[in-house]
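Residue-level listing of the chains:
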Amino acid sequence: MTCTAAGDCLRKTGLLIWGRRAAMLRVRNDRGGGSVGVVAFFRLLSGGGFVINGSVLPSAADLLRWYDRHRRTLPWRALPGQSADPYRVWLSEIMLQQTTVTAVIPYFERFVDAFPDVNALARAPQDQVMTMWAGLGYYARARNLHACARAVAARGGMFPDTVAGLLELPGIGAYTAAAIAAIAFGRPVVPVDGNVERVTARLFALTDPLPGARKAIARQAMTLNADAPAQGRPSDFAQALFDLGAGICTPRAPACALCPWRDACAGNRQGIAATLPRRAAKVARPVRYGVHFCMMDAAGGMLLVRRPEKGLLGGMMGLPGPVWRDTPWTEGEAMQHAPDAPRLRAKWHGTGQVKHVFTHFTLLVDVYAAQISAFPNSIAGQGGEVNYAGEEAVALPSLMRKCVALARASHVFD
Ligand code: SF4
């Protein structure tokens, strides 16, 4: 919407906020155009904050001042005065999905050592990428990461610099597109991750529970950058929000006394900050059951199979075993799926159970182990692959690493 006069805009939006010191905010179009429209009306308060669409907005200048003093140093983050590298920003954002900063740092450093730019990553064999990703989980992300690198390489190694352009790349959703657009390209958008969601729920004392309230909280979060200091430093503003959520407005015990936004924070004022955001009672996570077989020969080779492309851990190497199901396996049922070959004479030993929690269910896996003298050639014909290089050389997902560790601890292979 473009308005030519304040009164015109007021009529079009129906907003009631209008005071002695009122103004219209104009922002750049995320597609790269110039100033294209009025997004909000705000009223300057005597304390320096704003009222926007009925809510008091905290001052971006306060947050940015705090950020300038307390910003984290991270391997993917540009230092003050430097320009952000879109490749490093993108790589870190993909790695950080569902994973902590501490866990990501060594992976990130290994990746940029091996693949210093997006073209190098695009040229790498997929197995190498998957092997280096192993342990970060959610392997579809690693496949999409590689596909995305190839798509960007096909564009001459340049990432699109708008939210809309980024959204067209494999593995980039709304949050990641906003994060890259803001941090790497200075687009004035607010990426709403878990940290920003928590800060926003507390700032505005939003008490409706997640996940139902997620969209409403995100809409509110997107207004946080409405004032001029935030519009002038979109990259720093987004990262300042992340740092505030990670270091001050933490999940269990927010350090409100140290917070640059404490005076504007309704959650703090009402004494309910630590309880926000609220969550609806959790539905119990269902349990599924699996069986996997760890077979080794005297030379230390381990039988592995490639999992089907579709489904969890799709395309990854793993221990053989039947499809997971909703009921436990008896030993007799399990043995019907044990790897077999003429003259193999494997003697299977139950070694215990591995518990692995996926997002939507908990998996309990019975692990069996057997040692044989040597693998027959016919194993390859059955889709098996004998790995002599050790598990570290293969992109084994965490679940499979746990199963192998349990089998090894049983001393069947001693
Ligand atoms: S005052 Fe407390 S609850 Fe409010 S944003 Fe700051 S740290 Fe979070």
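Residues numbered from 1 in each chain as written. Predicted model: local features only at pLDDT ≥ 70, side-chain atom pairs only at ≥ 80, totals over all residues.

(A) Structural view of the nonpolar core. If you look at the biggest cluster of nonpolar residues, it comprises 98 residues, and the most contacted ones within it are Ile180, Ala181, Cys294 and Cys403. Per-element accounting of this core gives the leading share, 9 residues, to helix α9 (residues 174–185). The residue makeup of this core includes at least three contributed by each of domain 2 (63–275) and domain 3 (287–409). If we ignore the near neighbours within four places in the chain, the residues touching Cys403 are His292, Cys294, Leu319, Val354, Val365 and Val367. (Core = buried A, V, L, I, M, F, W, Y, C linked by C-beta atoms within 7 Å. Buried ≥ 20, exposed ≤ 12 C-beta atoms within 10 Å, placed from the backbone. Helix = DSSP H or I, 4+ residues; strand = E, 2+ residues; numbered from the N terminus. Domains from an automatic or database assignment. Contact = placed C-beta atoms within 7 Å.)

(B) Looking closely at helix α11 (residues 214–221). Along α11, the residues that are buried comprise Ile217, Gln220 and Ala221. Viewed end-on, α11 has its buried residues packed into an arc of 100°, placing them on one side of the element. Residues of α11 that are exposed and point over 90 degrees away from its buried face: Lys215 and Arg219. (Arc of directions from axis to C-beta.)

(C) Structural view of the environment of Thr362. Along the chain, Thr362 turns up in strand β9 (residues 362–372). The spatial distance from the C-alpha of Thr362 to the C-alpha of Tyr289 is 8.4 Å, given a sequence separation of 73 residues. When residues no more than four places from it in sequence are discounted, the contact partners of Thr362 are Arg285, Val287, Lys355 and Val357.

(D) Spatial organisation of the site of the ligand. Close to the ligand lie 14 residues, the nearest being Cys249, Cys256, Cys259, Cys265 and Ala273. When residues of the shell around the ligand are traced back to their parent elements, those giving at least two are α10 (194–203) and α14 (266–269). With 3 residues, the top contributor of residues to the shell around the ligand is α10. Residues of the shell around the ligand, tallied by class, amount to 10 nonpolar, 2 polar and 2 charged. (Near = placed C-beta within 6 Å. Nonpolar A, V, L, I, M, F, W, Y, C, P; charged D, E, K, R; others polar.)

(E) Just the packing of α9 against helix α13 (residues 234–247), in detail. Contact pair α9 / α13: the axes reach a minimum separation of 6 Å and the direction vectors enclose 125°. Classed by the angle they form, the pair α9 and α13 counts as oblique. For α9 against α13, the interelement crossing comes out left-handed. Where α9 abuts α13, its residues Ala179, Ala182 and Ile183 lie against Pro234, Ser235, Ala238 and Gln239. (Axes fitted to C-alpha atoms, helices over the stretch in contact; angles between N-to-C directions. Parallel < 35°, antiparallel > 145°, perpendicular 65-115°, else oblique. Left-handed = near helix turned anticlockwise from the far one by under 90°.)

(F) A look at the pairing of strand β5 (residues 287–297). Where burial is concerned, most of β5 is hidden: 9 out of the 11 residues are buried. One ladder, built from 11 bridges, connects β5 with β9; its direction is parallel. Bridge pairing links Met295 to Ala370 in β9. (Pairing = 2+ DSSP bridges.)

(G) Layout of unusual backbone geometry. For the peptide bond that leads from Leu210 to Pro211, omega is 5°, which places it in the cis range. One can find Pro211 in the loop between α10 and α11. With an omega dihedral of -5°, the bond running from Leu276 to Pro277 counts as a cis peptide bond. Topologically, Pro277 is positioned in the loop between α14 and β5. Positive phi outside glycine occurs at Ala205, with the angle close to 50°.

(H) Molecular detail of helix α3 (residues 86–96). Across the 11 residues that make up α3, a large majority, 11, are buried. Turning to α3, the residues buried within the fold contact α4 (101–114), α5 (118–123), α7 (139–154) and α9. The positive-phi residue at the C-terminal boundary of α3 is Gln98, with phi of around 70°.

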